[in-house]
Amino acid sequence: MHRSSSNGPVDSADSAPVVFDDVVVDTALAAWLRQTHKELSAVTPLDSGGSGGRLVSGYVREVDPDQRGGRVIVKLLAASPEAAEEPRQHKAALLSRTERNADFITRHLVDEAYPPQLLGHAWVMFQRPAGDETVTLADLGLSPRLPHIARSIVTAVLGDWNPDDPKDDSRSAADFVVQLLGTRLGSDAPLRVWADDRLGPQAEILPWISLPDHPAPLPNPLVLNEDCPLGQFEAGFLMHGRAHGDLHPGNIMVPPEDEAKPDEFTLIDLSRFHDRAPLVRDPAHLLLCLVARFLPHLGDEARGQLVTGLLSRSGCDGPLVPQGLADTVIAVRQAAFDWGAARGIQTGWRRQWYLALLACALMFTARERYSDRDRWWFYCLAAHAGWAYLEELKVDRPMEAQPLSLRWAQETGSPSATSKRDGTIAPLSAPSPTPAADNPAHAILTKMWETFAPALEQLAGARILDVKLHLTDYVRIEALAFRTTLGALTMTAPLPAADQTHRALDRVHAALRRVADQAANVGTFLVLPKKIQLMGLFQQTPGDLALGSFVNALDDLLTAIRDAKLALPVLLS
């Protein structure tokens, strides 16, 4: 698209090609192309990923036969001090090349097609595409490839980019967290505003707190001074080296094909690159970014299991945590821990990992695009990560601490609004009032749905080799427990046999029995030797048939639960 069809000299806005729809920048870009004997065509807008800048793909033809043209990504940087640093930081990342990390930089850092140019009022960068056809890791979703790609990225960023011994540092644990958080701890920063608004002023001063789901005292992650629990211990082996600085799925390009290798990735947006950054930050931040994408789909119990899994030294075995997410947690953590083990600093590096999770969890707590419920979860994760660090040091915690809960807003509107509110203290899982919300059966049916819906989501479309025994055991035990609870409820308030709600509860009661039986059937196949299971890898096995019956039973149970909830207005009171 052009403002004019003139093929003559480009010296006015009317003759400049429309690239960014910014007259000043487009005119200056047209002049630069003319002066350097280049032609830009096939301009296509691209998603900028919310960076504030503008991206287009285009084809550059070099008039000079000694120069190589080709497809380029042209990036108009946002008008901000941080964005203005990207050209310099990108070049610094490329210049961090040594003989031993040259392969990493060549294969995994986006390259410059031409030097950046200050065109009018903004910087414009010209980069080689990450591949002929690529997508961001965010676009890939919860693919079976994700754990392998994530592990490959962390292994390469830590080891291949930093093959030489990193620089060591030592400071208090609190100071290290402050270093990771930077300006996010400012008095007017979103983190402080949200904490004051939703947690109250005590969140800024209490060194120890207790949470609704964890009455034992935990260190308050927002209190980071020399007198706080984390301020009293020196943290060693604080490894520093080359780091991306903003490693998240939107800044990682990968091929979309299922057969692509895990190490086929390219890092983009190097505006926060530093050659002496805390190395533990990139993997911890990437992991929580991946967690954040799937957090809204998890119920309260699954969220609690995920906290435990994130802070474990090895597994992530919560049965309600989606298996792909659990595998990703394990893969990222293991890649990070392997790097520390290779340098003989397992203990110090693991403790540092907890501090990085604390700091990164607070970064997510500060982000206004997440709901209050998710931001509260990240705050709680930060508190638990702080205790994981102190527990390693065998710290004695106080016998009790002041409870801290999330204050929900009374009015509707943006969950991230920062105006003062006089909300009431309520548990995180408090439901919105409904006509049947006070009914005891309503709470039981809701809990059933939150328990079994994630299990069905994990199992739908799976093969018997993909299923974990602890998941089937969990579903079987929960189904039997709910069956007993529901039976006791109906006995205390009997209804006529012909009553609609009696029949609805009866169907749920029977469906729970079928789910328990089918879970037990699948479990018998999972304890068979792996060799026998693998015999059916390319054909449908009796185990797969049993799994199909299990999935159908779960689906029938959820349908029965839904129908019963619809009948709640006339249920027990």
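Look up: the structure comes first, before these words.
Described in the following lines is the structure provided in the data block. Remember, it's a predicted structure, so these values are computed and weren't measured experimentally.

### Quick word on the overall build of the chain
Next up, step 1: For the chain, the count of helices and strands is 18 helices and 15 strands.
Next up, step 2: Burial statistics for the chain: of 573 residues in total, 51% are counted as buried.
Next up, step 3: Considering only residue pairs separated by 6 or more positions, the chain has 70% of its internal contacts joining residues 24 or more positions apart.
Next up, step 4: When the accessible surface of the chain is totalled, it reaches about 26600 Å², and 53% of it is carbon and sulfur.

### Focus on the environment of Leu554
Next up, step 1: Along the chain, the position of Leu554 falls in helix 18 (residues 542–566).
Next up, step 2: Take Leu554: its relative accessible area is 0%, and that puts it in the buried class.
Next up, step 3: Sequence-wise, Leu554 and Ala460 are 94 residues apart; in three dimensions their C-alpha atoms are separated by 9.8 Å.
Next up, step 4: When neighbours within four sequence positions are excluded, Leu554 is seen to be in contact with Phe452, Leu456, Leu459, Val475 and Val515.

### Let's talk about the sheet that holds strand 13 (residues 266–267)
Next up, step 1: One open sheet holds the 3 strands; their spatial order is 6-12-13, and the pairing between them is antiparallel. Each of the sheet's edge strands pairs with one partner strand only, and the pair in question is strand 6 (135–136) and strand 13.
Next up, step 2: Judged from the 2 bridges that link them, strand 6 and strand 12 (residues 252–254) form a sheet pairing that is antiparallel. Bridging across to strand 12, Val135 finds its partner in Val254.

### With respect to helix 12 (residues 346–365)
Next up, step 1: For helix 12, which comprises 20 residues, the first-to-last C-alpha distance of 29 Å matches the rise-based estimate of 28 Å (1.5 Å per residue) to within 8%.
Next up, step 2: Summarising burial for helix 12: 17 of the 20 residues are buried, a large majority.

### Notes on unusual backbone geometry
Next up, step 1: Of note, the phi angle at Asp269 is positive, near 55°, even though the residue is not glycine.
Next up, step 2: Counting through the fold element by element, Asp269 comes out in the loop between strand 13 and strand 14 (274–278).
Next up, step 3: Its identity as a non-glycine residue notwithstanding, Lys394 has a phi of 60°, on the positive side.
Next up, step 4: With respect to the secondary-structure elements, Lys394 resides in the loop between helix 13 (372–392) and strand 15 (402–403).

### Notes on the pattern of salt bridges
Next up, step 1: Scanning the model with the defined rule gives 23 salt bridges in all.
Next up, step 2: The network of salt bridges with common partners includes Arg313, Arg350, Arg351 and Glu392.

The rules behind each value
Residues numbered from 1 in each chain as written. Predicted model: local features only at pLDDT ≥ 70, side-chain atom pairs only at ≥ 80, totals over all residues. Heavy atoms only, no water. Helix = DSSP H or I, 4+ residues; strand = E, 2+ residues; numbered from the N terminus. Buried < 20%, exposed > 50% of the residue type's maximum accessible area, 1.4 Å probe, protein only. Contact = heavy atoms within 4.5 Å. Areas by Shrake-Rupley, 256 points an atom, 1.4 Å probe, with all protein chains shown as cover. Pairing = 2+ DSSP bridges. Expected span 1.5 Å × (residues − 1). Salt bridge = Lys/Arg side-chain N within 4 Å of Asp/Glu carboxyl O.

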